[in-house]
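Residue-level structural notes
Listed here are the chains, written in short residue letters.
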Amino acid sequence: MPHTLTVYDETTGGARDEALALTFPTDEITVRALIRERVYQEVKDHNAREASATVFRGLVQPSDAEATLEGYRLRNPRMIDWEPQFELAVAAFEQNQILVLVDDRQAETLDQTLHVRTGTEVTFLKLTPLVGG
């Protein structure tokens, strides 16, 4: 029986994006599998839109794109490869640029096991580096 969890993106300023539902074949997944499925799904959704889509709404910024309020504006509309996006997302998690909260509890490692139950909410909190020094 497939298990679905609800994923949100938040910023430290409190902004919350609309929900994304992810489905998994088992009730136990790792944080790495969660990130992989999330990135795969958002890239798949982007690539399914018409070829003229210039904004990518995803967890991490693709190369040759600039951050905007709507997402990441691509200089040239194109298909995106999910694997480099996944690698960027994993690196961002490891560098504490993205926190993963599962039912308001922070995930610590990529290999940590998560239990997917009805009503499980996952928040990807994107941290903004401080300017200056």
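Report on the accompanying structure. (Residues numbered from 1 in each chain as written. Predicted model: local features only at pLDDT ≥ 70, side-chain atom pairs only at ≥ 80, totals over all residues. Heavy atoms only, no water.)

1. Re the overall build of the protein chain
Each helix and strand counted, the protein chain has two helices and ten strands in total. Walking the protein chain from its N terminus toward its C terminus, one meets helices and strands in the order β-β-β-α-β-β-β-α-β-β-β-β. The C-alpha atoms of the protein chain give a radius of gyration of 15 Å, which matches the 14 Å a tight globule of 133 residues would have. When the backbone C-alpha atoms are referred to their principal axes, the protein chain occupies close to 40 × 40 × 25 Å. (Helix = DSSP H or I, 4+ residues; strand = E, 2+ residues; numbered from the N terminus. Rg over C-alpha atoms; globule rule 2.2 N^0.38 Å.)

2. Quick look at the sheet that holds strand 10 (residues 121-126)
By definition, the strands of a sheet pair up through backbone hydrogen bonds, in either a parallel or an antiparallel sense. Strand order in this open sheet of five strands is 2-1-10-7-8, and the pairing throughout is mixed. Bordering the open sheet on either side are strand 2 (20-24) and strand 8 (105-106), each of which pairs with just one other strand. When strand 7 (residues 98-102) meets strand 10, the two strands line up antiparallel, connected through five bridges. Residue Val102 lies in a different strand from strand 10, and its bridge partner there is Val122. Against the sheet, helix 1 (residues 31-48) engages strand 1 (3-11), strand 2, strand 7 and strand 10, with an angle of about 125 degrees to strand 2. (Pairing = 2+ DSSP bridges. Contact = heavy atoms within 4.5 Å. Axes fitted to C-alpha atoms, helices over the stretch in contact; angles between N-to-C directions.)

3. Regarding the sheet that holds strand 4 (residues 55-56)
Taken together, the three strands give an open sheet; going across it, the order is 4-6-5, and neighbouring strands pair in antiparallel fashion. The open sheet has two free edges, formed respectively by strand 4 and strand 5 (65-68), since each of these has just one partner strand. Note that strand 5 and strand 6 (residues 71-74) share four bridges and pair antiparallel. Across the sheet, Thr68 pairs through a bridge with Gly71, a residue of strand 6.

4. Some details on helix 2 (residues 82-94)
Relative to the 18 Å expected for 13 residues at 1.5 Å per residue, helix 2 spans 18 Å between its end C-alpha atoms, a close match to the ideal helical length. All of the buried residues along helix 2 are Gln85, Phe86, Ala89, Val90, Ala92 and Phe93. Along the axis of helix 2, the buried positions cluster into a sector of 160 degrees, meaning they face one direction only. Turned more than 90 degrees away from the buried face of helix 2 sit Glu87 and Glu94, all of them exposed. Contacts from the buried residues of helix 2 go to helix 1, strand 4 and strand 7. (Expected span 1.5 Å × (residues − 1). Buried < 20%, exposed > 50% of the residue type's maximum accessible area, 1.4 Å probe, protein only. Arc of directions from axis to C-beta.)

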